Amino acid sequence: MERPARRRVPRRLRTPYAPALVLALVAGGFAAWAGQDWYDAAHDDRAAYAVQRDRALAAGEQAVQNLNTLDHRDLDRGLDLWEASTTGELHEQLASGRDDFADQVKQAETVSTARVLSGAVTALDDRAGRARVLVALRVTVRAADGTRTDKDSRMLGELTRTDGRWKLSALGQAPVGGAPAG
């Protein structure tokens, strides 16, 4: 009895398209993974929060620097900058006391310049549009007789987002060392 001849089946696929097919599947998988990763990053709330934190810090540092810089020779410009950097009750206080303060600075003939040493956002409520910053700065005061005094200080500022911009709504001295916060 004769056995029918067995048909030989190749052990591996011998088509020239197989490597291209495998490569296409790997590339498609990578593209899907990268696309999903990009989508997740683009729609992550943490990225938007980080942007607002950075904006609040930059605005807070600049506003604190502005409020610690004033030249008796160009008072209007300096005081306008103070008012542009503030909002709320702090803005009202600065605007209402502007003339008296200008007279004092003119009489003293001082020039104060501030330089931010470091800053940090200590609290941020993006939805409410409120933030708190801690800013360390060095203030240099030059008196009319030419004497110069440098003072390092830490300021606590509260910011309020107004018309899409962060502005100082409160500013005070930060406690130093073990002093309790008031």
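Parameters at a glance
- For every chain, the first residue of the written sequence is number 1, and numbering continues from 1 onward in sequence order.
- In view of the model being predicted, local features appear only for residues whose pLDDT reaches at least 70, and side-chain atom pairs are presented and counted only at 80 or more, with totals across whole chains, interfaces and linings using the full set of residues.
- Calculation of side-chain values draws on the structure's entire complement of heavy atoms; hydrogens and water are dropped beforehand.
- Under the scheme used here, helices are H or I runs from DSSP no shorter than 4 residues and strands are E runs no shorter than 2 residues, and both carry numbers assigned from the N terminus.
- Here the globule rule reads 2.2 Å times residues to the power 0.38, and the radius of gyration is calculated from C-alpha atoms.
- Between buried and exposed lies partly exposed: a residue is buried under 20% and exposed over 50% of the maximum accessible area for its type, with that area taken using a 1.4 Å probe on protein chains only.
- Each accessible area is a Shrake-Rupley estimate made with a 1.4 Å probe; only the visible protein chains count as cover when residues are assessed.
- Only four residue types enter the charge count: Lys and Arg as positive, Asp and Glu as negative, with His and the chain ends excluded.
- Charge positions are represented by NZ for Lys, CZ for Arg, CG for Asp and CD for Glu.
- DSSP-based pairing: two strands are paired if at least 2 bridges between them are found.
- In this text, buried Ala, Val, Leu, Ile, Met, Phe, Trp, Tyr and Cys residues form a nonpolar core when linked through side-chain atoms within 4.5 Å.
- Should any heavy atoms of two residues lie within 4.5 Å, those residues are counted as being in contact.
- Salt-bridge detection follows one rule: a side-chain nitrogen of Lys or Arg within 4 Å of a carboxyl oxygen of Asp or Glu.
- Expected helix span is given by 1.5 Å per residue-to-residue step, counting one fewer step than there are residues.
- For every residue, the predictor states its confidence as a pLDDT score lying anywhere from 0 to 100.

What the protein contains, in helices and strands, is 5 helices and 5 strands. Traced from its N-terminal end to its C-terminal end, the protein shows the element sequence α-α-β-α-α-α-β-β-β-β. A compact globule built from 182 residues should have a C-alpha radius of gyration of about 16 Å, whereas the protein, at 32 Å, is more than 25% larger. Going through the 182 residues of the protein one by one, you find that 24% of them count as buried. About 13,400 Å² of surface is accessible on the protein, with carbon and sulfur atoms providing 52% of the total. Positive and negative side-chain charges of the protein, numbering 26 and 25 respectively, have mean locations separated by a distance of 20 Å.

A few words on the pairing of strand β5 (residues 165–173). Sheet analysis places strand β4 (residues 148–162) next to β5, joined by 8 bridges and oriented antiparallel. Note on β5: the bridge partner recorded for T162 is R165. Between the antiparallel neighbours β4 and β5 lie 2 residues, among them D163 with a positive phi of about 50°.

With 23 residues, the main nonpolar core has L137, L159 and L168 as its most contacted residues. For this core, the secondary structure elements donating two or more residues are α2 (45–67), α3 (75–84), α4 (88–96), α5 (98–108), β2 (111–125), β3 (130–142), β4 and β5. When residues in this core are grouped by element, the largest group, 5 residues, is from β3. Residue contacts for L137: discarding those within four places in its chain leaves V64, N68, A114, R115, V116, L117, K151, D152, S153 and M155.

In this section: the pattern of salt bridges. All told, the structure shown has 9 salt bridges when counted by the stated rule. A salt bridge links D126 to R161; the nearest nitrogen and oxygen atoms lie 2.7 Å apart. In this pair, D126 is assigned in the loop between β2 and β3 and R161 in strand β4, connecting sequence segments 35 residues apart. A salt bridge links D152 to R138, with the shortest nitrogen-to-oxygen separation between them at 2.6 Å. Taken as a pair, D152 in strand β4 and R138 in strand β3 lie far apart in primary sequence, 14 residues in all. We classify R138 as partly exposed; its relative accessible area is 29%. A single network of salt bridges, built from pairs that share partners, joins D76, D80, E83 and R98.

Glancing now at α2. Taking 1.5 Å per residue as the helical rise, α2 with its 23 residues ought to reach 33 Å, and the 33 Å between its terminal C-alpha atoms agrees with that figure. Residues of α2 that are buried: Q52, A56, G60, A63, V64, N66 and L67. As for α2, its buried residues are in contact with α3, α4, β2, β3, β4 and β5.

With that out of the way, let us pick up the side chain of T87. Mapped onto the secondary structure, T87 falls in the loop between α3 and α4. The buried category is assigned to T87, whose relative accessible area is 17%. Other than its neighbours up to four places away in sequence, T87 contacts T160, T162, K167, L168 and S169.

This next bit is on the confidence of the model for the protein. In the predicted model, the protein carries a mean pLDDT of 89, and the fraction of residues at 70 or more is 90%. By mean pLDDT, the top-scoring element of the protein is β3 (97), and the lowest-scoring one is helix α1 (residues 18–42) (86).

This part takes up the sheet that holds β5. Read across the open sheet, the 5 strands follow the order β1-β2-β3-β4-β5; overall the sheet is antiparallel. Sheet topology places β1 (70–71) and β5 at the edges, where each strand pairs with a single neighbour. The sheet contact formed by β3 and β4 spans 13 bridges and is antiparallel. Bridging from a neighbouring strand, A136 pairs with R154 of β4.

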